[in-house]
Amino acid sequence: MRSAFYNQACRPLGAFAIAVTLCTFAALASASEAYADETGASEISLPKMDADAGKSLFADRGCVVCHSINNVGGDTGPSLDASNLNQSRDPFEFFARMWRGAEPMLHLQQADLGYQIDFSGQDLADIFAFVQDGTMQEGFTEADLPDHIREIIDNGPSIPQE
């Protein structure tokens, strides 16, 4: 199990990410043990995912500037339609893909939005739920976009694609 995890998640991320991953797992294990000692529970709780909240976050925070869903949004990044066969159903793999694209995403966020998008763990869980929910995505239209986000999309990316 450890080597499969390493080959799928850690190896492509490089040495720095491996160190961060190991520290994260160590911290989670330590926190889980402390929580279990304190409460008698033995599991880490995961956030409840809310696709409707994820839909709003996807539009309001500006993910849609680079990523499209239901043909709404930019094409600088990959489409995040649930029907996309390449779309990962595993949240850890999904976020590993985001991690691998972090440098260009941060650069584009700064150029197009003027700031770096900040997410909580709950925000990410909700966005993941939306990205996985084809039924919810069918109702995603340009009407869901705030005016300033729609303007950015209409004007095209600040950084031309190569």
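In this report, we go over the structure that sits alongside the text.

**Topic: the packing of aromatic side chains**
A full pass over the atoms with the stated rule returns 6 aromatic pairs. An angle of 70° between the planes, with centres 5.8 Å apart, marks the rings of Phe-58 and Phe-140 as edge-to-face. Taken together, the positions of Phe-58 in helix α3 (residues 51-60) and Phe-140 in the loop between α7 (134-138) and α8 (147-155) put the pair 82 residues apart, joining distant regions of the chain. Summarising the aromatic geometry, the rings of Phe-95 and Phe-128 are spaced 6.0 Å apart at their centres and angled 45° between planes, so their arrangement reads as tilted. Of this pair, Phe-95 sits in helix α4 (residues 91-100) while Phe-128 sits in helix α6 (residues 121-132), placing them 33 residues apart in sequence.

**Details of the state of the cysteines**
By definition, a disulfide links two cysteine residues through a covalent bond between their sulfur atoms. The full count for this structure, using the stated rule, is 0 disulfides. Cys-66 carries a free sulfur, and the closest cysteine sulfur to it, the one in Cys-63, is 9.0 Å from it. The class for Cys-66 is buried, based on a relative accessible area of 15%.

**Overview of the pattern of salt bridges**
Between side chains of opposite charge, a pair can form when the charged atoms approach closely. Taken as a whole and judged by the stated rule, the model has 4 salt bridges. A salt bridge links Glu-93 to Arg-100; the nearest nitrogen and oxygen atoms lie 3.0 Å apart. For Glu-93, a relative accessible area of 24% gives the class partly exposed. Residue Arg-100 is classed as partly exposed on the basis of its relative accessible area of 37%. Across the salt bridge formed by Arg-150 and Asp-147, the nearest N and O atoms sit 3.0 Å from each other.

**What to know about the environment of Ser-68**
With respect to the helices and strands, Ser-68 occurs in the loop between α3 and α4. Between the alpha carbons of Ser-68 and Ser-79 there is a distance of 4.8 Å; along the sequence they are 11 residues apart. With residues near it in sequence (within four places) discarded, Ser-68 still touches Gly-73, Gly-74, Pro-78, Ser-79, Leu-80 and Asp-81.

Conventions used here
- Residues numbered from 1 in each chain as written.
- Predicted model: local features only at pLDDT ≥ 70, side-chain atom pairs only at ≥ 80, totals over all residues.
- Heavy atoms only, no water.
- Phe/Tyr/Trp six-rings, centres within 6.5 Å; stacked < 30°, edge-to-face > 60°.
- Helix = DSSP H or I, 4+ residues; strand = E, 2+ residues; numbered from the N terminus.
- Disulfide = S-S within 2.5 Å.
- Buried < 20%, exposed > 50% of the residue type's maximum accessible area, 1.4 Å probe, protein only.
- Salt bridge = Lys/Arg side-chain N within 4 Å of Asp/Glu carboxyl O.
- Contact = heavy atoms within 4.5 Å.

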